[in-house]
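Commentary on secondary and tertiary structure
Below, each chain spelled out in residue letters.
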Amino acid sequence: MSTDPLIYKRVQRLMGNRFELSVVCTDAAWANDCLDKAVAEISRIEQLLTTYSKDSQTNRINASAGLRPEPVDQEVVALIERSLRLSALTQGAFDITYGSIDKRFWNFDTTMTSLPDPKTARRMVRLINYRNVLLDAGEQTVFLKEKGMRIGFGGIGKGYAAEQAKRILRDLGVTSGIVNAAGDLTTWGSQPNGKPWTIGIADPNQINQQAFSFLEISNMAVATSGNYEKYALIDGKRYSHTIDPKTGYPVSGIKSVTIIAPNAELADALATPVMVMGVRVGLNLINQMRHIACIIIDDTDKLHTSANIRLVAPATV
């Protein structure tokens, strides 16, 4: 057992993404036991929300679309309830029925050389409509009104899992740590030296995603959505893999959005809709929300920030 607190880490592929869990403590065996329990919680959530398992509650909801309400756990009802509130807040820019889109329609690689015509694009997104998700909290059921509708938790699931892993670790007595779910991360406490955690904001123009600036945070979460990892280049213009649910077209104009929020679920769920909404409307939304900040890099590499944020230059870190 170390007398000084150290950072103990666990890196594991979960929910199809790279998770890195870090805890600060003096006992390596206890740290690893805590990390085991946090990983088990993320795996449990993955089984609940995945669309890759026929028996998952998500797939059962989708299989019953247009036919009947599907009974699910209270946890799933609550997550969908929060998702629908976010959909209303973002006027549909965040929408878990995004799973309804035909994935064959978009092929974001070198073979995609042109955009579809607007009529085809709108037809492909006609089933995306969060208002057609009917929840019965009393009966604990979910009903998708239209046959063919599908929900998916890709825009909120990683953040939710990160927060639940953090809850497990804190309940076990871990006073400081980070859960990083492929860039959606949540922090609590401080580094072993007592200083806040230092988080890098990736530069979307760097292939190795070097940081262009840093944030010092504690008991906060950060999530980034961007077009620098997956996109199509058509006639010299870069199109994000993020589709606007209203038009069926890829969003453009923004390279990356970073959200700083009290928890990772909220940060994760707000990053993509701000990309969809655009710089002006997205920042206007964030500026109306308490305890939430935003950093946007647009297609011309101009930096935009919400009214309540302070960046630390890399040279000072």
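Counting restarts for each chain: residues are numbered from 1 in the order of the written sequence. Only residues with pLDDT of at least 70 are given local features in this predicted model, and only at 80 or more are side-chain atom pairs given and counted; all residues enter the totals for whole chains, interfaces and linings. The side-chain figures draw on all heavy atoms in the structure; neither hydrogens nor water molecules are used.

When helices and strands are counted, the protein shows seven helices and 15 strands. For 317 residues, the compact-globule formula gives about 20 Å, and the C-alpha radius of gyration of the protein, at 20 Å, lands near that figure. The C-alpha extent of the protein, read off along each of the three principal axes, is 65 × 50 × 40 Å. Residue exposure (1.4 Å probe, protein chains only): buried if accessible area is under 20% of the type maximum, exposed if over 50%, otherwise partly exposed. For the protein, the residues scored as buried account for 51% of the 317 residues in total. Per the convention used, a helix needs a DSSP run of H or I reaching at least four residues, while a strand needs a run of E reaching at least two, with both numbered from the N terminus. When we talk radius of gyration, it's over C-alpha atoms, and the globule rule is simply 2.2 Å times the number of residues to the 0.38.

A few words now on the sheet that holds strand β10 (residues 221-226). Through backbone hydrogen bonds, the strands of a sheet pair up, either in parallel or in antiparallel fashion. One requirement defines pairing of two strands: DSSP has to find at least two bridges between them. Pairing is antiparallel in the open sheet, where eight strands are placed in the order β1-β2-β6-β7-β10-β13-β14-β15. Each of the sheet's edge strands pairs with one partner strand only, and the pair in question is β1 (6-14) and β15 (303-305). Shown here is a sheet whose adjacent strand axes are inclined to one another by a mean of 10°, direction ignored. Bridge count for strand β2 (residues 17-25) against strand β6 (residues 177-181) is five bridges, and the pairing is antiparallel. Every axis corresponds to a line fitted to the C-alpha atoms, with the helix fit spanning only the stretch in contact, and the corresponding angles, defined between N-to-C directions, vary from 0 to 180 degrees.

Turning to unusual backbone geometry, a few remarks are in order. Unlike most non-glycine residues, Ala-182 shows phi in positive territory, near 55°. By secondary structure assignment, the location of Ala-182 is in the loop between β6 and β7 (184-188). The phi dihedral of Asn-219 falls on the positive side, at around 60°, and the residue is not glycine. Position of Asn-219 among the secondary structure elements: in the loop between β9 (211-217) and β10.

Bringing the nonpolar core into the picture now. Leu-21, Ile-80 and Ile-259 are the most contacted members of the largest nonpolar core, which totals 70 residues. In this description, contact between two residues means that some pair of their heavy atoms is separated by no more than 4.5 Å. Among all residues touching Leu-21, those that are not within four sequence positions of it are Tyr-8, Lys-9, Arg-10, Leu-35, Ala-38, Val-39, Ile-42, Ala-165, Ile-178 and Val-179. Core analysis: the second largest hydrophobic core is formed by 12 residues, Ile-178, Ile-199, Ile-260 and Ala-293 among them. Residues grouped as a nonpolar core are buried Ala, Val, Leu, Ile, Met, Phe, Trp, Tyr and Cys residues, joined through side-chain atoms within 4.5 Å.

We define a salt bridge as a side-chain nitrogen of Lys or Arg found within 4 Å of a carboxyl oxygen belonging to Asp or Glu. Here the structure, examined in full by the defined rule, presents 12 salt bridges. Between Glu-75 and Arg-44 there is a salt bridge, with its nearest N and O atoms 2.9 Å apart. In this pair, Glu-75 is assigned in helix α3 (residues 74-89) and Arg-44 in helix α1 (residues 28-49), connecting sequence segments 31 residues apart. With relative accessibility at 35%, the residue Arg-44 sits in the partly exposed group. Via salt bridges that share partners, Glu-41, Arg-44, Glu-75, Arg-167 and Asp-171 belong to a single interconnected network.

With that settled, consider the sheet that holds strand β5 (residues 141-144). If you walk across this open sheet you meet the three strands as β3-β5-β4, and the pairing is antiparallel. Bordering the open sheet on either side are β3 (70-71) and β4 (133-136), each of which pairs with just one other strand. Contacts from α3 reach β4 and β5 within the one sheet, and its direction differs from that of β4 by about 135°.

All right, on to the environment of Ile-199 then. With respect to the element layout, Ile-199 can be found in strand β8 (residues 197-202). By relative accessible area, which is 8% here, Ile-199 ends up buried. Separated by 12 residues in sequence, Ile-199 and Ala-211 place their C-alpha atoms 8.9 Å apart. What Ile-199 contacts, discounting residues up to four positions off in sequence, is Ile-178, Leu-185, Thr-187, Ser-213, Phe-214, Leu-215, Ile-217 and Val-222.

Once that is clear, we can look at the packing of helix α6 (residues 264-277) against helix α7 (residues 279-287). Their axes nearest at 6 Å, the elements α6 and α7 cross at an angle of 140°. As far as their axial angle goes, α7 and α6 are oblique. Contact residues: α6 offers Leu-270, Val-274 and Met-277, while α7 offers Val-281, Gly-282, Leu-285 and Ile-286. Within the contact of α6 with α7, the residues separate by chemical class into six nonpolar, one polar and no charged. Reported orientations rely on four angle classes, namely roughly parallel under 35 degrees, roughly antiparallel over 145, roughly perpendicular from 65 to 115, and oblique for the rest. Asp, Glu, Lys and Arg are counted as charged, while Ala, Val, Leu, Ile, Met, Phe, Trp, Tyr, Cys and Pro are counted as nonpolar; the rest, among them Gly, fall into the polar class.

The next thing to look at is the packing of α1 against α3. The interhelical angle for the contact between α1 and α3, taken along N-to-C directions, is 75°, at an axis separation of 11 Å. In terms of axis orientation, α1 runs roughly perpendicular to α3. Packed against α1, whose contacting residues are Arg-44, Ile-45, Leu-48 and Leu-49, the element α3 presents Glu-75, Val-76 and Leu-79 at the interface. The residue makeup of the contact of α1 with α3, split by class, is five nonpolar, no polar and two charged.

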